[in-house]
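This is what each chain is made of:
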Amino acid sequence: MSRLFCLITLLFVANAQAEVRLLTSIKPLQLIAAAVQDGVGSPDVLLPPGASPHHYALRPSDVRRVRNADLLYWIGPDMEAFLPRVLEGRSKPNVAVQELPGMTLRRFGDSHAEAHHDDHDHDHDHDHDHDHDHEHEHADDGLGHDHDHRPGSLDAHLWLLPANAKLIAARMAADLAKLDAANAARYAANLQAFEARLDALDGRIRPTLVALQGKPYFVFHEAYDYFEAAYGLKHAGVFSVLTEVQPGARHVAAMRKRLQQAGPSCVFSEPPLRPRLAETLTAGLPVKLAELDALGGDLPVTATAYEQLLENLAGGLAECLGSL
């Protein structure tokens, strides 16, 4: 009886160890991982719902999770500045996806024609002069950029470009296959299915988004450039507002002037919180308020959730802009 119990225990431990412990920094990477691990394992995510990857403070339990994960994926220091120090004490693989070969990277201030393909030798301190487009003509009055998004700095919202998501998924599938060879064929099949679903999604949403080109809209968070570039869209401006400081009357007047000049338009905020300024800013103007969620905060973690994130962005843009 004792020998049988030991055998059952060993089998249980072996099965428990079979699943690779995969941890991502933010939910969009978790959703990509969920597509790759479908039917084999469940990826975990570091940041809780509603937390900003720009300003997160790790808890002791978070540090333990980082150190215990078999595989860890994050965007890179341009997004999760809180992670590099903790990763120094980590012995297992971690991947900054912004450094993957072939990634299309953008910098704040780039036009849509100026995206850069990473060749593993990109410069985080890149300071070339950029031709500022219409969106950034008003940088001096605070309407050009988010305060955290300096012109020339890397735009780390790279998961919103489907081609980048395919590269991330391919790296995840390869890493998982190395650690879990028994399921290598399943990871490869999941990757192929993920790529096929993204191609099908593109076919569904492209006609709708192309029809919206040229319609004016503004954002409170400059997070959507990768997605916009993929479909020929361009926001007319960024209402950059420090969350802890209410802008002065002069700043509000400048923002309202931009909206008045644009005519019927949409202003998109990012959940979970709509800036208090939004209602004041748009009062009495032919402007509609709506939301775009770049992180997929409310989505269940499933194999198809990443494409649902993109479909929700397309739907949010179409619903508001299509009604103008």
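For clarity, every value in this text was computed on a predicted model and none was experimentally measured.

**So, the overall build of the protein**
Then step 1. When you go through the protein residue by residue, the secondary structure sums to ten helices and eleven strands.
Then step 2. Out of the 324 residues belonging to the protein, those deemed buried represent 47%.
Then step 3. Taking the contacts inside the protein whose residues are at least 6 apart along the sequence as the reference set, 62% of them involve residues at least 24 apart.
Then step 4. By element, 54% of the accessible surface of the protein is carried by carbon and sulfur atoms, the whole surface being about 15,600 Å².

**Observations regarding the environment of Glu228**
Then step 1. Among the secondary structure elements, Glu228 is positioned in helix α7 (residues 225-230).
Then step 2. Only 2.7 Å separates the side chain of Glu228 from the side chain of Tyr217, close enough to count as a polar contact.

**Some thoughts on the packing of helix α6 (residues 184-210) against helix α10 (residues 305-321)**
Then step 1. α10 packs onto α6 with a crossing angle of 0° between their chain directions and a minimal axis gap of 10 Å. With respect to α10, the element α6 is oriented roughly parallel. Side by side, α6 and α10 meet where Phe194, Arg197, Leu198, Leu201, Arg204, Ile205, Thr208 and Leu209 of the first sit next to Tyr306, Glu307, Leu310, Glu311, Ala314, Leu317 and Ala318 of the second.
Then step 2. Each residue belonging to the contact of α6 with α10 can be placed in one class, and the counts come to ten nonpolar, one polar and four charged.

**A closer look at the sheet that holds strand β9 (residues 237-238)**
Then step 1. If you walk across this open sheet you meet the four strands as β9-β8-β10-β11, and the pairing is parallel. Where the open sheet ends on each side, the last strands, each with one partner, are β9 and β11 (287-291).
Then step 2. Note: strand β8 (residues 217-219) against strand β10 (residues 265-269), three bridges, orientation parallel. Across the sheet, the residue bridging to Tyr217 is Cys266, located in β10.
Then step 3. The strands touched by α10 are β8, β10 and β11; relative to β10, the strand with the most contacts, the crossing angle is about 145°.

**Some words on the confidence of the model for the protein**
Keep in mind that low pLDDT regions are not for reading the predicted coordinates in detail.
Then step 1. Averaged over all residues, the pLDDT of the protein equals 85, while 80% of them reach at least 70.
Then step 2. A low-confidence stretch, residues 4-17 stays under pLDDT 50, and its non-local contacts, those more than four residues away or across chains, total zero contacts.

**Some details on the nonpolar core**
Then step 1. Counting 78 residues, the largest nonpolar core has Leu160, Phe227 and Leu317 as the members making the most contacts within it.
Then step 2. By residue number, the principal contributor to this core is α10, which donates nine residues.
Then step 3. Apart from the residues lying within four places of it in its own chain, the contact partners of Phe227 are Leu160, Ile205, Leu209, Leu310, Leu313, Ala314 and Leu317.
Then step 4. By size, the runner-up hydrophobic cluster in this structure holds 13 residues, among which are Ala236, Val267, Leu281 and Val287.

**Description of the state of the cysteines**
Then step 1. Under the defined criterion, the tally for this structure stands at one disulfide.
Then step 2. Note on cysteine connectivity: Cys266 is disulfide-linked to Cys320, with sulfurs 2.1 Å apart. Measuring handedness by torsion sign, the sulfur bridge of Cys266 and Cys320 sits at about -110° and is left-handed. Taken together, the residues Cys266 in strand β10 and Cys320 in helix α10 connect sequence positions 54 residues apart.

**What about the packing of helix α2 (residues 27-36) against α10?**
Then step 1. Here α2 crosses α10 at 130°, and the two axes come no closer than 7 Å. Taken as axis vectors, α2 and α10 run oblique relative to one another. In contact with Pro28, Leu31 and Ile32 of α2, α10 contributes Ala305, Tyr306 and Leu309.
Then step 2. Across the contact of α2 with α10, the residue classes tally to six nonpolar, no polar and no charged.

**Notes on the pattern of salt bridges**
Side chains that differ in charge, positive against negative, can pair when their charged atoms come close.
Then step 1. In this structure the tally under the stated criterion is eleven salt bridges.
Then step 2. Notably, a salt bridge pairs Arg197 with Glu307, separated by 2.3 Å at the nearest N-O pair. Linking Arg197 in helix α6 with Glu307 in helix α10, this pair joins segments that are 110 residues apart in sequence.
Then step 3. The exposure class of Arg197 is partly exposed, given its relative accessible area of 25%.
Then step 4. Taken together, the shared-partner salt bridges in this structure form one network comprising Asp44, Arg59, Asp62 and Arg65.

The rules we used
Residues numbered from 1 in each chain as written. Predicted model: local features only at pLDDT ≥ 70, side-chain atom pairs only at ≥ 80, totals over all residues. Heavy atoms only, no water. Helix = DSSP H or I, 4+ residues; strand = E, 2+ residues; numbered from the N terminus. Buried < 20%, exposed > 50% of the residue type's maximum accessible area, 1.4 Å probe, protein only. Contact = heavy atoms within 4.5 Å. Areas by Shrake-Rupley, 256 points an atom, 1.4 Å probe, with all protein chains shown as cover. Polar contact = N/O pair within 3.5 Å; in protein donor to acceptor, adjacent residues only side chain to side chain. Axes fitted to C-alpha atoms, helices over the stretch in contact; angles between N-to-C directions. Parallel < 35°, antiparallel > 145°, perpendicular 65-115°, else oblique. Nonpolar A, V, L, I, M, F, W, Y, C, P; charged D, E, K, R; others polar. Pairing = 2+ DSSP bridges. pLDDT = per-residue confidence, 0-100. Core = buried A, V, L, I, M, F, W, Y, C linked by side-chain atoms within 4.5 Å. Disulfide = S-S within 2.5 Å. Salt bridge = Lys/Arg side-chain N within 4 Å of Asp/Glu carboxyl O.

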